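Examining the three-dimensional arrangement
As a plain string of letters, each chain reads:
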Amino acid sequence: GLEGEADDPASMKPRPPIVTIMGHVDHGKTSLLDALRSTDVVSGEAGGITQHIGAYQVQLKSGQKITFLDTPGHSAFTAMRARGANATDIAILVVAADDSVMPQTIESINHAKAAGVPLIIAVNKIDLHDAQPEKVLTDLLQHDIQVESMGGSTQAVQVSAKSRIGLDELTDAITLQAELLELAANPDRAADGVVIESQLDKGRGPVATILVNRGTLKRGDIVVAGAQWGKVRAITDERGQQLADAGPSLPVEVLGLDGAPDPGEPFVVVDTEARAREITEYRVRNKRQVSGKAGAA
Ligand code: GDP
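As the structure is a computational prediction, the values presented were derived from the model and not from experiment.

Helices and strands together make up the secondary structure of the protein chain, namely seven helices and 17 strands. Counted over contacts in the protein chain with a minimum sequence separation of 6, partners at least 24 positions apart contribute 73%. By element, 49% of the accessible surface of the protein chain is carried by carbon and sulfur atoms, the whole surface being about 14100 Å².

Quick look at the packing of aromatic side chains now. Under the criterion given, the structure shown has one aromatic pair. On the numbers, 5.5 Å between centres and 35° between planes, the contact of Y56 with F68 is tilted. Of this pair, Y56 sits in strand β3 (residues 55–59) while F68 is found in strand β4 (residues 65–69), placing the two residues 12 residues apart along the sequence. Here the guanidinium or amino end of R37 rests over the ring plane of Y56, the centre of that ring lying 4.5 Å away.

This part covers the site of the ligand. What surrounds the ligand is a group of 15 residues, the closest being D26, K29, T30, S31 and D127. One of the side-chain N or O atoms of S31 is found 2.6 Å from an oxygen atom in the ligand. At a separation of 3.2 Å, an oxygen atom of the ligand approaches a polar side-chain atom of N124. Looking at the shell around the ligand, the element that brings in the most residues is helix α1 (residues 29–37), giving three residues.

Counting buried residues in β3 gives four out of five residues, a clear majority hidden from the surface. In this structure, β3 lies alongside β4, joined through five bridges in antiparallel fashion. When the bridges of β4 are listed, A55 appears paired with L69. Hairpin connection, β3 to β4: the antiparallel pair is bridged by five residues, and G63 has positive phi, about 95°.

Glancing now at the side chain of T39. Structurally, the position occupied by T39 is in the loop between α1 and α2 (41–46). The exposure class assigned to T39 is buried, which follows from its relative accessible area of 15%. Here L36 takes part through its backbone oxygen, which lies 2.5 Å from a polar atom of the side chain of T39. Discounting residues that sit within four places of it in the chain, T39 has contacts with V58, Q59, L60 and L167.

Helix-helix packing is described using two parameters, namely the angle between the two axes and the distance between the axes. It is the contact of α1 with helix α6 (residues 167–181), at a shortest axis distance of 11 Å, that shows an interaxial angle of 85°. Relative to α6, the element α1 is oriented roughly perpendicular. Where α1 abuts α6, its residues L32, A35 and L36 lie against L167, L170 and T171. Split into classes, the residues belonging to the contact of α1 with α6 amount to five nonpolar, one polar and no charged.

Take the environment of L180 next. Looking at the secondary structure, you find L180 in helix α6. What makes L180 exposed here is its relative accessible area of 60%. Separated by 26 residues in the primary sequence, L180 and T154 have C-alpha atoms spaced 12 Å apart.

As a further point, take the sheet that holds strand β7 (residues 155–158). Read from one edge of the open sheet, six strands run β3-β4-β2-β5-β6-β7, paired in mixed fashion. Both outer strands of the open sheet, β3 and β7, are each paired with one neighbouring strand and no more. Taken over all neighbouring pairs, the strand axes of this sheet differ in orientation by 25° on average, direction set aside. With six bridges connecting them, strand β5 (residues 90–96) and strand β6 (residues 119–124) associate as parallel partners. Paired with A91 across the strands is L119, a residue of β6. Across the sheet, α1 is in contact with β2 (18–23), β3, β4, β5 and β6; its angle to β2 comes to roughly 150°. Sheet strands in contact with helix α4 (residues 103–115) are β2, β5 and β6, and its direction is about 165° off that of β5.

Before going further, it helps to spend a moment on a negative patch on the surface. On the surface, D26, D98, D99 and D130 cluster together into a patch of negative charge. Along the polypeptide, D26 turns up in the loop between β2 and α1. Of the residues examined, D26 reaches a relative accessible area of 63% and is grouped as exposed.

Thresholds, definitions, all that
Residues numbered from 1 in each chain as written. Predicted model: local features only at pLDDT ≥ 70, side-chain atom pairs only at ≥ 80, totals over all residues. Heavy atoms only, no water. Helix = DSSP H or I, 4+ residues; strand = E, 2+ residues; numbered from the N terminus. Contact = heavy atoms within 4.5 Å. Areas by Shrake-Rupley, 256 points an atom, 1.4 Å probe, with all protein chains shown as cover. Phe/Tyr/Trp six-rings, centres within 6.5 Å; stacked < 30°, edge-to-face > 60°. Lys NZ or Arg CZ within 6 Å of the ring centre and 35° of its normal. Near = heavy atom within 4 Å. Polar contact = N/O pair within 3.5 Å; in protein donor to acceptor, adjacent residues only side chain to side chain. Buried < 20%, exposed > 50% of the residue type's maximum accessible area, 1.4 Å probe, protein only. Pairing = 2+ DSSP bridges. Axes fitted to C-alpha atoms, helices over the stretch in contact; angles between N-to-C directions. Parallel < 35°, antiparallel > 145°, perpendicular 65-115°, else oblique. Nonpolar A, V, L, I, M, F, W, Y, C, P; charged D, E, K, R; others polar. Patch = residues over 30% accessible without salt bridge, like charges linked within 9 Å, V, L, I, M, F, W, Y side chains within 5 Å. Salt bridge = Lys/Arg side-chain N within 4 Å of Asp/Glu carboxyl O. Lys, Arg positive; Asp, Glu negative; His and termini not counted. Charge placed at Lys NZ, Arg CZ, Asp CG, Glu CD.

This is the structure:
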């Protein structure tokens, strides 16, 4: 089928974790994403101009890499889950220390639980004079989140996105959680993965940001994503650099698709253009039937 054959355990190589940041509105998701982005040692060196492509990867001083989905809130997460795509290894739950657990905090916990994704608690805004980090941890108990300081197994880190406190501790926590998950993928096979976001660019045509789950995506590959397909014409990273290929967990922009696939749509590399056409035509037909427009076509 489309999923291809299972990978030989010997072919598996460690891959960076893919992390989503969730939490209640105004608790600091965007601020934390911005702060974490600046922990990247590579872009620091290059003085890199970065563009928003829906996900970014940082390299820590230790050499460890972490991929962050740069879509605050859980809309992308929910969209992916609805399509059965598994694009998140670890979820960071941001809870503001002055506000504690709020409705979207609880929603986020439920989403992560349903997806079986481990949580790391980031108690944010600890710079505020009315911060009550201990209250946050106690309140979380009511939602079955037991942090390590309370005898549980969930990691919690106190941070301030604004004052840049606790960022190293947070990336350490992510690294530790990633080690526990033993994340690995076979890089030496045809790629598959998930679409993070897409757009129709006036100059460049359809542009899709994708994350490779397994394998390595190469320029010239024939890709099917939802009802779209195309030959990969260019692969670009978030610094705007042209790449010849992209391996597991690296977010990249891809040019060459014949349309903009929906976020959360899985993609696969296929052998021939004929096969790509066959799959997408079948999907387009199916969509029409589902939406009851088959007669109009
Ligand atoms: P989001 O809605 O969860 O993405 O939250 P934002 O990142 O937009 O932050 C909401 C507000 O909280 C903004 O005014 C931020 O400046 C502020 N904020 C975020 N992090 C901190 C922090 O660590 N300390 C303080 N004092 N304010 C913060």
